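Residues per chain, in single letters:
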Amino acid sequence: MADHKVHDLTPEDVSKGMSEGRYLLVDVREPNEVAAEAYPGGVVVPLSSFDPTTIPDPQGKEIVFACRSGKRSVTASLAAQAAGLPYDKHLAGGMLGWKAAGLPTKNGG
């Protein structure tokens, strides 16, 4: 796993990429966290039961992992890469950074 790398993306980069249709955000937080506050347009694949093969087909988009602070998203990216998937991007700062950047969230996952 030493040759695997995870690239940090800023909340602004991820938001712009999602609106342009370049990124698919995969939220690896748990359902109770997502129920309280979610990323608009994100898909949920909880890290507690993470299986890289259950990530929806990104249909040409790049996968960007996200969580609350940026730690679990790195774990998910490394796990996906270990499974042979080219998913090497994550949202640096997670939901905390997203909100600090003034980006919108939605209720109820």
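Keep in mind that what you see is a predicted model, and the values were worked out from it rather than measured.

A.B. asks: Hey, could you run me through the packing of aromatic side chains in this one?
C.D. replies: Aromatic ring pairs: the centre-centre distance and the angle between the two ring planes describe each pair. Going through the model one piece at a time under the given rule, you end up with three aromatic pairs. Where Y39 meets W98, the ring centres are 5.3 Å apart and the plane angle is 85°; that geometry is what we call edge-to-face. With Y39 in the loop between α2 (31-36) and β3 (43-44) and W98 in helix α4 (residues 94-100), this pair connects stretches of sequence that are 59 residues apart. In this structure, Y39 and W98 share a single accessibility class: buried. Judged by centre distance (6.0 Å) and plane angle (75°), the rings of F50 and F65 are edge-to-face. In this pair, F50 is assigned in the loop between β3 and β4 (62-66) and F65 in strand β4, connecting sequence segments 15 residues apart. Looking at F65, the relative accessible area reads 0%, which means it is buried. Clustering of aromatic rings is evident, with ring pairs tying together F50, F65 and Y87.

A.B. asks: Which parts of the structure should I look at to understand the environment of T53?
C.D. replies: Looking at the element boundaries, T53 is found in the loop between β3 and β4. Side chain to side chain, T53 and D51 meet in a polar contact 2.7 Å long.

A.B. asks: Teacher, can you tell me more about helix α1 (residues 11-19) here?
C.D. replies: All of the buried residues along α1 are P11, V14, G17 and M18. With its buried residues spanning 135° around the axis, α1 presents them on a single face. In this structure, the buried side of α1 is in contact with β1 (7-9), β2 (23-27), β4, β5 (89-91) and α4. Taken from the residues just after α1, G21 is the one with a positive phi, measuring 80°.

A.B. asks: Honestly, the nonpolar core in this entry has me stumped. Any pointers?
C.D. replies: Side chains of a nonpolar character, in soluble globular proteins, are inclined to be buried together. V26, V28, F50, I55, I63 and F65 are the most contacted members of the largest nonpolar core, which has 13 residues in total. Counting only elements with at least two residues in this core, the list comes to β2, β4 and α3 (71-82). Among residues more than four places away in sequence, those in contact with V26 are V43, V45, I55, I63, V64, F65 and A66. Core analysis: the next-biggest nonpolar cluster, separate from the first, contains twelve residues, L9, Y23, L25 and L91 among them.

Cut-off values and rules
- Residues numbered from 1 in each chain as written.
- Predicted model: local features only at pLDDT ≥ 70, side-chain atom pairs only at ≥ 80, totals over all residues.
- Heavy atoms only, no water.
- Phe/Tyr/Trp six-rings, centres within 6.5 Å; stacked < 30°, edge-to-face > 60°.
- Helix = DSSP H or I, 4+ residues; strand = E, 2+ residues; numbered from the N terminus.
- Buried < 20%, exposed > 50% of the residue type's maximum accessible area, 1.4 Å probe, protein only.
- Polar contact = N/O pair within 3.5 Å; in protein donor to acceptor, adjacent residues only side chain to side chain.
- Arc of directions from axis to C-beta.
- Contact = heavy atoms within 4.5 Å.
- Core = buried A, V, L, I, M, F, W, Y, C linked by side-chain atoms within 4.5 Å.

Honestly, that's just the spatial picture; any functional story needs more than this.
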